[in-house]
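So you can see what is in the structure, the chains are spelled out below.
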Amino acid sequence: MTTTATTTAPAPYAQVPSASAIATESNGFSISSLVLGIVSIFASFTFFVPVVGLVLGIMALKREPASRTMAIWGIVLNGVMLAGTVLVTLGTLAFGLVMLPFAFI
């Protein structure tokens with residue numbers, strides 16, 4: 001009778017992912033949108049700040065589902081301030097056009 005020796009392969013070790021390989025949830029867009037929304041309350045006369053905050057908020061809704069609340073608040077704040085800026089600008093232009101005939105008296 002012949003016996004054959006069988007070798008067993010060692011069990012593979014579970015690979016622990018490194019810190020850089022772990023996908024961390026980022027919420028930079030939503031925080032930026034919220035901060036720009038708050039800043040646009042004080043700087044709404046600049047057309048640029050609410051527009052950038054609105055774009056970042058929309059991008060955050062698509063990319064960062066975990067921080068949805070901050071993104072929505074950023075969109076709301078930036079949208080309201082952008083609408084206010086547009087309305088004040090249009091009102092100022094209309095008032096200027098109405099008063100234009102009286103400018104040369």
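Calculation notes
Residues numbered from 1 in each chain as written. Predicted model: local features only at pLDDT ≥ 70, side-chain atom pairs only at ≥ 80, totals over all residues. Heavy atoms only, no water. Helix = DSSP H or I, 4+ residues; strand = E, 2+ residues; numbered from the N terminus. Buried < 20%, exposed > 50% of the residue type's maximum accessible area, 1.4 Å probe, protein only. Contact = heavy atoms within 4.5 Å. Areas by Shrake-Rupley, 256 points an atom, 1.4 Å probe, with all protein chains shown as cover. Expected span 1.5 Å × (residues − 1). Arc of directions from axis to C-beta. Polar contact = N/O pair within 3.5 Å; in protein donor to acceptor, adjacent residues only side chain to side chain.

A. The overall build of the protein, seen in detail. Along its length, the protein carries 3 helices and 0 strands. Helices and strands appear in the protein in the N-to-C order α-α-α. Relative to its 105 residues, the protein shows a buried fraction of 20%. Here the contacts in the protein between residues at least 6 apart in sequence split such that 74% fall between residues at least 24 apart. Summed over all atoms, the accessible surface of the protein reaches about 8,200 Å², with 74% contributed by carbon and sulfur.

B. Summary view of helix α1 (residues 28–42). Between its first and last C-alpha atoms α1 spans 22 Å; for 15 residues at 1.5 Å apiece the expected length is 21 Å, and the two agree. Turning to α1, its buried residues are Ser 30, Ser 33, Gly 37 and Ser 40. Burial along α1 is one-sided: seen end-on, the buried residues are contained in an arc of 85 degrees. The inward-facing, buried residues of α1 contact α2 (48–63) and α3 (68–99).

C. Here's a closer look at the side chain of Ser 40. Examined against the element boundaries, Ser 40 turns out to sit in helix α1. Look at Ser 40 and you get buried, because its relative accessible area is 0%. In terms of polar contacts, Ser 40 uses its side chain to reach the backbone carbonyl oxygen of Gly 37, at 2.8 Å.

D. A look at the environment of Leu 34. Mapping Leu 34 onto the fold places it in helix α1. Considered as a pair, Leu 34 and Ala 71 are 37 residues apart in the sequence and their alpha carbons are 6.6 Å apart. In contact with Leu 34, not counting residues within four places along its chain, are Met 70, Trp 73, Gly 74 and Leu 77.

E. Region of interest: the environment of Phe 42. Inspection of the secondary structure assignment puts Phe 42 in helix α1. A relative accessible area of 67% means that Phe 42 is categorised as exposed. For the pair Phe 42 and Met 81, spaced 39 residues apart in sequence, the C-alpha separation works out to 9.5 Å.

F. Main features of the side chain of Ser 30. Relative to the helices and strands, Ser 30 is located in helix α1. For Ser 30, the side chain forms a polar contact with the main-chain oxygen of Asn 27, separated by 3.1 Å. Not counting the four nearest positions on each side in its chain, Ser 30 is found in contact with Ala 60, Glu 64, Ser 67, Met 70 and Ala 71.

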